[in-house]
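As a plain string of letters, each chain reads:
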Amino acid sequence: MSLTATMPYVEAPAPALAPRERETLRHIAEGRTYLQTARHMGLSKHTVDAYLRRIRAKLDINSTAELTRLAISLGL
């Protein structure tokens, strides 16, 4: 019988999000549309889309549900 030390699973830290990316993520997680988020932040809808594409690429996220789960885990 051999004893093997097992380490608990620790999730790697997520890449840092820029402040505007975090703000965009918070608005989307609250249920706002891209257009509502853009108006609230004083941006174009295309900029909001670019922020969300960047977040998805950084964190390998594919759905809005995953974005919302991330926002909750970050306390946004």
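Residues numbered from 1 in each chain as written. Predicted model: local features only at pLDDT ≥ 70, side-chain atom pairs only at ≥ 80, totals over all residues. Heavy atoms only, no water.

Time to look at helix α2 (residues 34–41). Within an α-helix, residues lying three or four positions from one another point in the same direction, as the helix has 3.6 residues per turn. Listed as buried for α2 are T37, A38 and M41. Projected down its long axis, α2 carries its buried residues within an arc of 100°, all on one side. Facing away from the buried side of α2 by over 90 degrees, the exposed positions are R39 and H40. (Buried < 20%, exposed > 50% of the residue type's maximum accessible area, 1.4 Å probe, protein only. Helix = DSSP H or I, 4+ residues; strand = E, 2+ residues; numbered from the N terminus. Arc of directions from axis to C-beta.)

Moving on, we come to the nonpolar core. In this structure, L17, L25, I28, A38, V48, L52, I55, L59, I61, L67, L70 and A71 together form the largest nonpolar core, which totals twelve residues. Per-element tally for this core: the top contributor is helix α3 (residues 45–59), with four residues. (Core = buried A, V, L, I, M, F, W, Y, C linked by side-chain atoms within 4.5 Å.)

Right, let's get into the packing of α3 against helix α4 (residues 64–73). Any two packed helices are characterised by how steeply their axes cross, that is the angle between the axes, and by the distance between the axes. Between α3 and α4, the least distance of the axes is 11 Å, while the angle of their chain directions is 80°. As the angle between them shows, α3 and α4 are arranged roughly perpendicular. Together, L52, I55, R56 and L59 of α3 and T64, L67 and L70 of α4 make up the contact between the two elements. In terms of residue class, the contact of α3 with α4 is built from five nonpolar, one polar and one charged. (Axes fitted to C-alpha atoms, helices over the stretch in contact; angles between N-to-C directions. Parallel < 35°, antiparallel > 145°, perpendicular 65-115°, else oblique. Contact = heavy atoms within 4.5 Å. Nonpolar A, V, L, I, M, F, W, Y, C, P; charged D, E, K, R; others polar.)

Position of E21 relative to the elements: it lies in helix α1 (residues 19–29). A residue is classified by how much of its surface remains accessible, and E21, at 1% relative accessible area, is buried. Once the C-alpha coordinates of E21 and R54 are considered, the two residues, 33 residues apart in sequence, prove to be 8.2 Å apart. Residues contacting E21, with those up to four places away along its chain left out, are Y51, R54, I55 and K58.

With that settled, consider unusual backbone geometry. The phi angle at D60 is positive, at roughly 55°, despite the residue not being glycine. Here D60 shows up in the loop between α3 and α4.

A few words now on the pattern of salt bridges. Overall, the coordinates contain six salt bridges when judged by the stated rule. The shortest N-O distance in the salt bridge between E30 and R32 comes to 2.5 Å. Among the residues examined, E30 registers a relative accessible area of 45% and is labelled partly exposed. (Salt bridge = Lys/Arg side-chain N within 4 Å of Asp/Glu carboxyl O.)

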